[in-house]
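What follows is the residue order along each chain.
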Amino acid sequence: KLYEGIDKYFVSGRISIVDGQDLIKYYKITGQESLTIRLKARDETAKSDSPYKTVVERTFKIYAVTDGKVEGNMQYYTLSFIDPNAILAEEKRISQTLRGSYSDILLKVWQEHFAWNNPPDSYTDHWEQTLPATNAITVPNWTLNQLINYIVSNASSDDGMWKNSYFFFDTVCRTPGNRV
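Residues numbered from 1 in each chain as written. Predicted model: local features only at pLDDT ≥ 70, side-chain atom pairs only at ≥ 80, totals over all residues. Heavy atoms only, no water.

Draft legend 1. Geometry of the nonpolar core. Grouped together as the largest cluster of nonpolar side chains are 26 residues, with contacts concentrated most on L147, I151 and F168. Elements with a contribution of two residues or more to this core: α2 (84–91), β7 (93–100), α3 (102–115), β8 (135–143) and α4 (144–154). The element best represented in this core is α3, accounting for eight residues. In contact with I151, other than residues within four places in its own chain, are Y102, I105, L106 and Y166. Core analysis: the second largest hydrophobic core is formed by ten residues, V11, I37, I62 and F81 among them. (Core = buried A, V, L, I, M, F, W, Y, C linked by side-chain atoms within 4.5 Å. Buried < 20%, exposed > 50% of the residue type's maximum accessible area, 1.4 Å probe, protein only. Helix = DSSP H or I, 4+ residues; strand = E, 2+ residues; numbered from the N terminus. Contact = heavy atoms within 4.5 Å.)

Draft legend 2. Representation of the pattern of salt bridges. Under the counting rule described, the total for this entry stands at four salt bridges. Between E57 and R38 there is a salt bridge, with its nearest N and O atoms 3.3 Å apart. Residue E57 is located in strand β4 (residues 52–66), and its partner R38 is located in strand β3 (residues 34–42); the two are separated by 19 residues in the primary sequence. A relative accessible area of 44% places E57 in the partly exposed class. Residue classification places R38 among the partly exposed positions, given a relative accessible area of 49%. Residue D170 is joined to R58 by a salt bridge in which the shortest nitrogen-to-oxygen separation is 3.0 Å. On the criterion of sequence distance, the pair formed by D170 in the segment after α4 and R58 in strand β4 is long-range, its members being 112 residues apart. An identical accessibility class is assigned to D170 and R58; each is buried. The network of salt bridges with common partners includes R58, D83 and D170. (Salt bridge = Lys/Arg side-chain N within 4 Å of Asp/Glu carboxyl O.)

Draft legend 3. Quick look at α3. Counting buried residues in α3 gives eleven out of 14 residues, a clear majority hidden from the surface. Looking only at α3, the buried set comprises Y102, S103, I105, L106, L107, V109, W110, Q111, H113, F114 and A115.

Draft legend 4. The arrangement of the side chain of Q75 in detail. One can find Q75 in strand β6 (residues 74–82). We classify Q75 as buried; its relative accessible area is 18%. If we ignore the near neighbours within four places in the chain, the residues touching Q75 are I17, V18, D19, D22, I24, K69 and V70.

Draft legend 5. Region of interest: the pairing of strand β2 (residues 12–19). Bridge count for strand β1 (residues 2–3) against β2 is two bridges, and the pairing is antiparallel. Bridge pairing links Y3 to S12 in β2. Sheet analysis places β2 next to β6, joined by eight bridges and oriented antiparallel. Among the inter-strand pairings, I17 is bridged to a residue of β6, identified as Y77. (Pairing = 2+ DSSP bridges.)

Draft legend 6. Here's a closer look at the packing of aromatic side chains. Taken as a whole, this structure holds seven aromatic pairs when the rule is applied. Ring geometry for W142 versus Y150: centroids 5.4 Å apart, planes at 45 degrees, classification tilted. Three or more aromatic residues joined by ring pairs form one cluster here, namely Y9, F10, W110, F114 and F168. The ring of Y76 has K69 lying over it, and the distance from NZ or CZ to the ring centre is 5.8 Å. (Phe/Tyr/Trp six-rings, centres within 6.5 Å; stacked < 30°, edge-to-face > 60°. Lys NZ or Arg CZ within 6 Å of the ring centre and 35° of its normal.)

Draft legend 7. Structural view of the packing of α3 against α4. In the contact formed by α3 and α4, the axes pass within 10 Å of each other and the chain directions differ by 160 degrees. In terms of axis orientation, α3 runs roughly antiparallel to α4. In this structure, the crossing between α3 and α4 has a hand that is left-handed. Note on element contacts: α4 touches α3 through L144, L147, I148, Y150, I151 and N154, opposite Y102, I105, L106, V109, W110, H113 and F114. The residue inventory of the contact of α3 with α4, partitioned by class, reads eleven nonpolar, two polar and no charged. (Axes fitted to C-alpha atoms, helices over the stretch in contact; angles between N-to-C directions. Parallel < 35°, antiparallel > 145°, perpendicular 65-115°, else oblique. Left-handed = near helix turned anticlockwise from the far one by under 90°. Nonpolar A, V, L, I, M, F, W, Y, C, P; charged D, E, K, R; others polar.)

Structure representation (structure tokens):
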């Protein structure tokens, strides 16, 4: 199961495993592994040898392994996973004064800590500009998640229907990103 939503900054999910080989014991699954999900779909317009194209290719970080039940020689357990940026956003702290529109502030922080100065169109489908363009906020040792929460709660645009009309979210099908 994959979880995404307009109110979720990062995609997460769970995978249930039925294990008859005792993998959790022999491979020492501890919750620090990564998981790559690769989905392909038929491409009716393809002229190449393979009629499939990759629709989703995402790497996630496993953060929990729930204890499963044992029935005979079968063991059942669940791996919980999330976009690795979610862990970084919860751990990384910032203490600085930031200037510009809220969207520019968030873009600057995102590029510095997540996108390593790549242009926004390389990791997002749409980036909305917010008003006013002359904000200055002092970030007092916040995590990146706290900064994102603050900006989403306070940003607005001139064509927004209400004050808090700014959204920041991730989708499963980003290549490499859909964030607005």
